[in-house]
Structures are given as structure tokens and as C-alpha cells.
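Residue strings, one per chain:
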Amino acid sequence: MDTSELLEKLLRFEDLRIIGRLRKAISFTDEPKFPQWFCEPSKNREDILEEQYGSSLSLDNKTAKIKCIAEAIERYCSEAISKNNLVCNSYNSLENAVD
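Just so you know, these numbers come straight off a predicted model, no measurement behind them.

Asks: How should the pattern of salt bridges be read in this particular structure?
Replies: Any two side chains of opposite charge can pair if their charged atoms end up close together. Under the counting rule described, the total for this entry stands at 4 salt bridges. As a salt-bridge pair, Arg 21 and Glu 40 come within 3.3 Å of each other at their nearest N and O atoms. Residue Arg 21 is found in the loop between helix H2 (12-15) and strand E1 (22-24), and its partner Glu 40 is found in the loop between strand E2 (36-39) and strand E3 (54-57); the two are separated by 19 residues along the sequence. Residue classification places Arg 21 among the partly exposed positions, given a relative accessible area of 44%. When its relative accessible area of 13% is taken as the criterion, Glu 40 is described as buried. Linked through salt bridges whose partners overlap, the residues forming this network are Arg 21, Arg 23 and Glu 40.

Here it is in C-alpha cells:
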């Protein structure tokens, strides 16, 4: 799968309301100018405090967009963990811990 196909598939996450809009970031650096993108939080996630949900830069525009969307999806997934099922303890105290 080439980058165009991958980007097209990843942009569907916006339609699914998992990520918000993908927007071009303003670059404040001098030369060279790298493509920079950021992703807004999805509108169906009111509990998100950040204005910028995923961001990236790369040597080319498509790769920067792909990295940005992947970062936003990663953040979405990490927030979907139920705190009731999360166990916080030391390795030695956990009975079935995997090393």
C-alpha cells in the first residue's frame, strides 16, 4: 500500500469521529520548511483538554499527515482504557505478571 492509499484510509477516522479535523500547522522555523500538521480532538470527546490532539512533521506532506493521524489515533486509544480495570502495583506484587 502506498502513502496515498494509506492516507485515504486514515482520513476515514475523521468521518468516524475518532479524530477531529486535520489542519496545517504554522511553521515558525527558518529554513528548511518541513510540512507540519496537527489534528484537533474529535467533537464527540468533550473530556479532552488539549487543543492539539496529534501533531507531526516530516520531509514530505503525505508522511506528515499520516504521522499526525496515527498520533491522534494513539491518543484516542490510550484514553479509552477503563480506569476501573487498570491495575497499578509493583511487579513483585502482581501474581500473573509477564516479564
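Structure's up, so let's keep going.
Asks: Got a minute to help me understand the side chain of Gln 36 in this structure?
Replies: Note on placement: Gln 36 falls in strand E2. A relative accessible area of 18% means that Gln 36 is categorised as buried. Apart from residues no more than four positions distant in its own chain, Gln 36 is found in contact with Lys 24, Ala 25, Ile 26, Ser 27, Ser 56 and Leu 57.

What counts, and where the lines are drawn
Residues numbered from 1 in each chain as written. Predicted model: local features only at pLDDT ≥ 70, side-chain atom pairs only at ≥ 80, totals over all residues. Heavy atoms only, no water. Salt bridge = Lys/Arg side-chain N within 4 Å of Asp/Glu carboxyl O. Helix = DSSP H or I, 4+ residues; strand = E, 2+ residues; numbered from the N terminus. Buried < 20%, exposed > 50% of the residue type's maximum accessible area, 1.4 Å probe, protein only. Contact = heavy atoms within 4.5 Å.

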